[in-house]
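Here is how the chains run, residue by residue.
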Amino acid sequence: MSGQSLAMKLLEGAKEWAKRLPSALSGDLAVDVGGKRLRVSHVRVETVVRQLLVKVKHLELRHWEARPELYDIRLSVKGWKLRVETTLERVEFASGRYRLWLRTPGRVELEESRGASSLVMGVLRAGAGRSAVRALAARLLPPGMRWDGQVLQVEGKLPPEGVLSAKLFENASLSMSVEHVEEGLWLGAEAWPGLLDLLQALFGTELPRTPPGT
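Asker: Explain the side chain of Glu85 residue by residue, including any values.
Answerer: Within the secondary structure, Glu85 is located in strand E5 (residues 80–94). Within the local environment of Glu85, its side chain forms a polar contact with the side chain of Arg67, the two groups lying 3.2 Å apart. Excluding its chain neighbours within four sequence positions, the residues that come into contact with Glu85 are Arg67, Leu70, Tyr71, Asp72, Arg103, Thr104, Pro105, Gly106 and Arg107.

The structure is reproduced here in structure tokens:
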């Protein structure tokens, strides 16, 4: 079976499974078989991100607001209070680990010193001083986080238990591109093996393990 036909069958199976979700969860998932993508609600995304970040040392997620075009997030990082307007661009799960790429098209500021933050962001948007900011971010951010002025990368181990546990992706992998829309995040899988594992983990409901017609 070709990769394309397997992908279509996986999405068809996911679409049929989504129809059987309890009514309280049905609005959290939409499947676009033709577009080879699925949409997860912002509420469900927040649940997963909070769990992934809860074990990151020196990092606390203090506030999360979903907007039509991005997320408005407030963090405490090594004692600094940050406000970041961001959205996911890409997600990878493999070998019990995760990697997130988050675009930062809006504000990135220190809440204690917004004037200094505005100056730094003005320099960045002008395309100057990026190497200096990368070096500063490397000193301020905890291990597993990097920021180049445009994209924030976060990586680490999946937790041993919970919504997304390390065991789900010990032997499976999943890579997804992400599009932020008002209703949620459209996830377009680039590598498919862990798609059903991810959906089952997100919604806590058993999925058909064999795509229909196989």
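Once the structure has been displayed, the description carries forward.
Asker: Quick rundown of the side chain of Ser76? Include the residues and the values.
Answerer: Mapped onto the elements, Ser76 comes out in strand E4 (residues 71–77). A distance of 3.1 Å separates a polar atom in the side chain of Ser76 from a polar atom in the side chain of Arg62. Beyond its immediate chain neighbours, meaning those up to four positions away, Ser76 contacts His58, Leu59, Glu60, Arg62 and Lys81.

Asker: Talk me through the pattern of salt bridges; I want residue IDs and the actual numbers.
Answerer: Applying the stated criterion to the full structure yields 12 salt bridges. In this structure, Arg67 engages Glu65 in a salt bridge whose closest nitrogen and oxygen atoms are separated by 3.6 Å. Judged by relative accessible area, which is 23%, Arg67 ranks as partly exposed. As a salt-bridge pair, Glu155 and Arg146 come within 3.2 Å of each other at their nearest N and O atoms. When salt bridges with common partners are traced through the structure, they connect Glu65, Arg67, Asp72, Arg83, Glu85 and Arg107 into a single cluster.

Asker: Quick rundown of the pairing of strand E3 (residues 59–66)? Include the residues and the values.
Answerer: Both E3 and E4 contribute to a ladder of seven bridges, which runs antiparallel. Note on E4: the bridge partner recorded for Ala66 is Tyr71. Here E3 folds back onto E4, and the loop between the two strands holds four residues.

Asker: If you had to explain the packing of aromatic side chains to someone new, which residues and values would you point to?
Answerer: Any aromatic ring pair is given by two values, namely how distant the centres are and how the planes are angled relative to each other. Evaluated as defined, the whole model comprises two aromatic pairs. Centroid distance Trp64 to Tyr71: 4.5 Å. Interplanar angle 40°. Geometry classified as tilted. For the pair Trp64 and Tyr71, one class covers both residues: buried. With 5.0 Å between their ring centres and 20° between their planes, Phe93 and Phe169 make a pair best called stacked. In this pair, Phe93 is assigned in strand E5 and Phe169 in the loop between strand E9 (151–157) and strand E10 (173–181), connecting sequence segments 76 residues apart. For the pair formed by Phe93 and Phe169, the shared burial category is buried. Sitting over the ring of Trp186, Arg37 keeps its end group 3.9 Å from the ring centre.

Thresholds applied
- Residues numbered from 1 in each chain as written.
- Predicted model: local features only at pLDDT ≥ 70, side-chain atom pairs only at ≥ 80, totals over all residues.
- Heavy atoms only, no water.
- Helix = DSSP H or I, 4+ residues; strand = E, 2+ residues; numbered from the N terminus.
- Polar contact = N/O pair within 3.5 Å; in protein donor to acceptor, adjacent residues only side chain to side chain.
- Contact = heavy atoms within 4.5 Å.
- Salt bridge = Lys/Arg side-chain N within 4 Å of Asp/Glu carboxyl O.
- Buried < 20%, exposed > 50% of the residue type's maximum accessible area, 1.4 Å probe, protein only.
- Pairing = 2+ DSSP bridges.
- Phe/Tyr/Trp six-rings, centres within 6.5 Å; stacked < 30°, edge-to-face > 60°.
- Lys NZ or Arg CZ within 6 Å of the ring centre and 35° of its normal.

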